[in-house]
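Each chain, letter by letter, is given below.
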Amino acid sequence: PIGMRTYTDTERAMLRELDDRADEYLTKPFSLWGLSSRCRALLRRGGMVKQASDVLSVGDIVLSPSHREVTVAGEPLKLTLREFDLLEYLMRKPGVVFTRESLLQSVWGWDFDGGSRTVDVHVQTLRQKLGEHAGAIETVRGLGYRLAEPSAGDGTDGHVPAPTASED
């Protein structure tokens, strides 16, 4: 984004600058508050300002990448580095099915020598730590895993309950 600050206040000069390269035009004298607000607007329009909150939330699971914290139903959850990265990756696109191979490449990296069973093991331990919210990570047989999207209007608080021993 390009903002012009100038003493030239003619309409012709302003239009020329806006047509040529400027995204914003501000003539002198101007207030510091006005300049600051216009700069923030330029950065927003240019996609250069990160949203105030980077928190991901799916049902009762809340993850803050910048703070490296996860809470489930308000309770903090201790995760390993890879468990956190895996959960974050799944939470960024709830409902999308990821193959084991794509999870390996995206979460562990291209140079990881372990097999796709590594993903299965991490999903299993992540489910154990999620407890009653373990069902939020769904297995899609023959494909991989996805984070379940909370159902709107289903009468629940958005989490998918873990299967019980009596369910088939």
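Definitions and limits used
- Residues numbered from 1 in each chain as written.
- Predicted model: local features only at pLDDT ≥ 70, side-chain atom pairs only at ≥ 80, totals over all residues.
- Heavy atoms only, no water.
- Pairing = 2+ DSSP bridges.
- Helix = DSSP H or I, 4+ residues; strand = E, 2+ residues; numbered from the N terminus.
- Phe/Tyr/Trp six-rings, centres within 6.5 Å; stacked < 30°, edge-to-face > 60°.
- Buried < 20%, exposed > 50% of the residue type's maximum accessible area, 1.4 Å probe, protein only.
- Salt bridge = Lys/Arg side-chain N within 4 Å of Asp/Glu carboxyl O.
- Contact = heavy atoms within 4.5 Å.
- Axes fitted to C-alpha atoms, helices over the stretch in contact; angles between N-to-C directions.
- Left-handed = near helix turned anticlockwise from the far one by under 90°.
- Nonpolar A, V, L, I, M, F, W, Y, C, P; charged D, E, K, R; others polar.
- Parallel < 35°, antiparallel > 145°, perpendicular 65-115°, else oblique.

### A word on the sheet that holds strand β9 (residues 144-147)
The 3 strands are arranged β7-β9-β8 in an open sheet whose pairing can be described as antiparallel. Edge positions in the open sheet fall to β7 (98-99) and β8 (137-140), since each of these has one partner strand only. In this sheet, β9 lies alongside β8 in antiparallel orientation, the contact comprising 4 bridges. From the neighbouring strand, Val140 faces β9, where its bridge partner is Gly144.

### Describing the packing of aromatic side chains
With the rule as written, the count across this model stands at 1 aromatic pair. Ring centres 4.9 Å apart and planes at 55 degrees place the aromatic pair Tyr89 and Phe98 in the tilted group. With relative accessibility at 28%, the residue Tyr89 sits in the partly exposed group. On the accessibility criterion, Phe98 (8% relative accessible area) is buried.

### Description of the pattern of salt bridges
Pairing is possible between side chains that carry opposite charge, provided their charged atoms lie close to one another. One pass over the full model with this rule turns up 7 salt bridges. With a shortest N-O distance of 2.7 Å, Glu83 and Lys129 are connected by a salt bridge. Taken as a pair, Glu83 in helix α3 (residues 81-91) and Lys129 in helix α5 (residues 117-130) lie far apart in primary sequence, 46 residues in all. The class of Lys129 is partly exposed, set by a relative accessible area of 35%.

### Here's the deal with the pairing of strand β4 (residues 61-64)
Here strand β3 (residues 56-58) runs beside β4; their pairing, made up of 3 bridges, is antiparallel. From the neighbouring strand, Leu56 faces β4, where its bridge partner is Leu63. What sits between the antiparallel neighbours β3 and β4 is a turn of 2 residues, in which Gly59 has the positive phi angle 60 degrees. In this structure, β4 lies alongside strand β5 (residues 69-72), joined through 4 bridges in antiparallel fashion. Opposite Val62, over in β5, you have Thr71 as the bridge partner.

### Let's talk about the sheet that holds β5
Reading across from one edge, β3-β4-β5-β6 is the order of the 4 strands in this open sheet, with antiparallel pairing throughout. In this open sheet, the two strands that pair with only one neighbour each are β3 and β6 (75-76). Here α3 sits on the sheet and contacts β3, β4 and β5; the angle it forms with β4, its principal contact strand, is near 110 degrees.

### Considerations on the packing of α3 against helix α4 (residues 100-108)
Relative orientation of the contacting elements α3 and α4 amounts to 115 degrees, with a least axis distance of 10 Å. Handedness of the crossing formed by α3 with α4: right-handed. Contacts between α3 and α4 pair Arg82, Asp85, Leu86, Tyr89 and Leu90 from the former with Leu103, Ser106, Val107 and Trp108 from the latter. Of the residues contributing to the contact of α3 with α4, the split by class is 6 nonpolar, 1 polar and 2 charged.

### Things to note about the packing of α3 against α5
Across the interface, α3 lies against α5 with an axial gap of 10 Å and an inter-helix angle of 85 degrees. With respect to their mutual orientation, α3 and α5 come out roughly perpendicular. Taken together, the residues of α5 that come into contact with α3 (itself represented by Arg82, Glu83, Leu86 and Leu87) are His122, Val123, Thr125, Leu126 and Lys129.

Nothing here speaks to function; it is geometry throughout.
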